[in-house]
Amino acid sequence: MSTVYQPYVLRVHALLPPSAGAELYPQLLDLLENITPTVQALQPDAADIDIGGALRFFERSPRELAQLVRLRSLALLGLTVTIGGGRSRMIAAMAADATAPGTLTCVAPTDTATRAFLRPRPIPALYGVGPATAATLSRYGIATIGQLADTPLLIAQKILGAAAGRLLHERAHGIDPRPVLRQQPEQSTSAGIDFPHDELDPDRHRQAVLHLTEQLAFRMRGDEQVARRLALTVRYADHTSTHRTRTLPEATNHTVQLTRTAYDLYDSLALQRARVRGLALRAEDLGPASTAHHQLTFDPTDHKARLLEAAADKARTRFGAAAVSTASLARPTAARRHDVRPPA
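Described in the following lines is the structure provided in the data block. Each chain has its residues counted from 1, following the order in which its sequence is written. Thresholds applied to this predicted model are a pLDDT of at least 70 for local features of residues and 80 or more for the giving and counting of side-chain atom pairs; totals over whole chains, interfaces and linings are not thresholded and use all residues. Side-chain descriptors were evaluated using all non-hydrogen atoms of the structure, hydrogens and water having been removed beforehand.

**Remarks on the sheet that holds strand 1 (residues 9–14)**
What the five strands build is an open sheet, ordered 2-3-1-4-5; its pairing is mixed. The sheet is open, and its two borders are formed by strand 2 (39–42) and strand 5 (104–106), each paired with just one other strand. Across the sheet, the mean angle from the axis of one strand to that of its neighbour is 15°, orientation sign disregarded. Paired strands, in this sense, are two strands between which DSSP finds at least two bridges. Starting at the N terminus, helices and strands are each numbered in turn, a helix being any DSSP run of H or I of at least four residues and a strand any DSSP run of E of at least two. Sheet topology note: the strand 2/strand 3 (residues 46–50) ladder contains four bridges and is antiparallel. In the sheet register, Gln-40 faces strand 3, and the bridge partner there is Asp-48. Docked against the sheet, helix 1 (residues 21–33) engages strand 1, strand 2 and strand 3, running at close to 160° with respect to strand 2. Each axis is a line fitted through C-alpha atoms, and for a helix only the stretch in contact is used; angles between axes span 0 to 180 degrees, taken between their N-to-C directions. Two residues form a contact once any of their heavy atoms are found within 4.5 Å.

Written out as structure tokens, the structure reads:
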């Protein structure tokens, strides 16, 4: 008698070093595909995998198979991964968010275990609930996922609207029908920097962001590509990380435009005196430069910047990437004691 297939999802989040993340992330996806072919890439450092069909093949429980992923990631790639598991993508993602770096949390695929995991958790922990929605529910005395689950559907819809109310009410009951789809990462290019120590100085952070932007812009122009999005990842001293993505006003490989957006991403984090271990910047949704359309401007500064950029590219191509540098990065040797280390 055949058994009915039941999905079980692992959210695998890797602690990628900024300077080597671009090389290690595809290797991590390859490693996961040796466990199960159902791997959905979640750039820049995570993936969802459905191991429902692999449990019988490996003759292991979900937790044991998650442990196998952790051990292989560490042994073969030198990567520490954080894993959350559950019967849906939502439960797996929430379990991963609630897990200490480098450890795992697997929620048994039963109604009882799922309810026990969800109900005591605060409303902001529910997948899809942002600060505004959490504040709205709080005004009605709904502070936990269990309280939202106990709220009649019609009242939830009256508070949040018909579509949002139904969606979040279902999620509060652990319902998430989204399947894990086989999906490889889109074309992108990235660069990272590891600080030689925990860096607290925002000026040093911004210099690193500028350095990374220049690297990516030069690389894209050389490959005749443009990016439509930028993503910034900040890794902290406790091995946690923050990720922000922003769509560019127009597809571009122009250093000035990329730097402006990268600075906006950094400023949105409001890091202040955060202990930053490394930064990574990724240009996403790459396409041929021939398909990009530049908005004309009467600003002579923009035209001059593009001419200087072209001249600098020629010098870098002939004499090396370090031949030309932005003035803010070219400081006296005596001031370089705490310089960042560019990637090899």
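**Examining the side chain of Arg-282**
Within the secondary structure, Arg-282 is located in strand 9 (residues 276–284). With a 1.4 Å probe rolled over the protein chains alone, any residue whose accessible area is under 20% of its type maximum counts as buried; one over 50% counts as exposed, and the rest are partly exposed. Classification of Arg-282 by relative accessible area gives buried; the value is 7%. Those residues in contact with Arg-282, other than ones at most four positions away along the chain, are Gln-43, Pro-44, Ser-188, Thr-189, Ser-190, Leu-216, Arg-229, Leu-230, Ala-231 and His-243.

**Overview of the nonpolar core**
Generally speaking, soluble globular proteins have nonpolar side chains that are buried together. We call a set of buried Ala, Val, Leu, Ile, Met, Phe, Trp, Tyr and Cys residues a nonpolar core when their side-chain atoms join them within 4.5 Å. In terms of nonpolar packing, the biggest core is built from 29 residues, with Leu-10, Val-12, Leu-32, Ile-51, Leu-65 and Ile-83 touching the most fellow members. Residue contributions to this core peak at six residues, all from helix 1. When residues no more than four places from it in sequence are discounted, the contact partners of Val-12 are Leu-32, Asp-45, Ala-46, Ala-47, Ile-49, Val-69, Val-81, Thr-82 and Ile-83. Residues Val-209, Leu-248, Leu-269 and Leu-286 belong to the second largest nonpolar core, which totals 27 residues.

**Examining the pairing of strand 7 (residues 225–236)**
Of all 12 residues that make up strand 7, 10 are buried, and the element is covered over most of its length. With two bridges connecting them, strand 7 and strand 10 (residues 287–288) associate as antiparallel partners. Within strand 10, the position partnered with Gln-225 by the bridge is Pro-288. Here strand 7 runs beside strand 8 (residues 241–252); their pairing, made up of eight bridges, is antiparallel. Across the sheet, residue Ala-231 finds its bridge partner in strand 8, namely Thr-245. Looking at chain direction, strand 7 and strand 9 are connected through eight bridges and run antiparallel. Directly across from Val-234, in strand 9, lies its bridge partner Leu-279.

**Observations concerning the packing of aromatic side chains**
The relative placement of two aromatic rings is captured by the distance of their centres and the angle of their planes. Whether two aromatic rings pair depends on their centres lying within 6.5 Å, for rings of Phe, Tyr and Trp, where Trp uses its six-membered ring; planes under 30 degrees apart make the pair stacked, over 60 edge-to-face, and the rest tilted. Applying the stated criterion across every chain yields a total of one aromatic pair. Between Phe-57 and Phe-58, the aromatic rings sit 5.2 Å apart at their centres with planes inclined by 85°, giving edge-to-face as the arrangement. Look at Phe-58 and you get buried, because its relative accessible area is 19%. Any Lys NZ or Arg CZ found within 6 Å of a ring centre and within 35 degrees of that ring's normal is scored as a charge over the ring. For Arg-206, the ring lying beneath its charged end belongs to Tyr-263, and the centroid distance is 4.0 Å.

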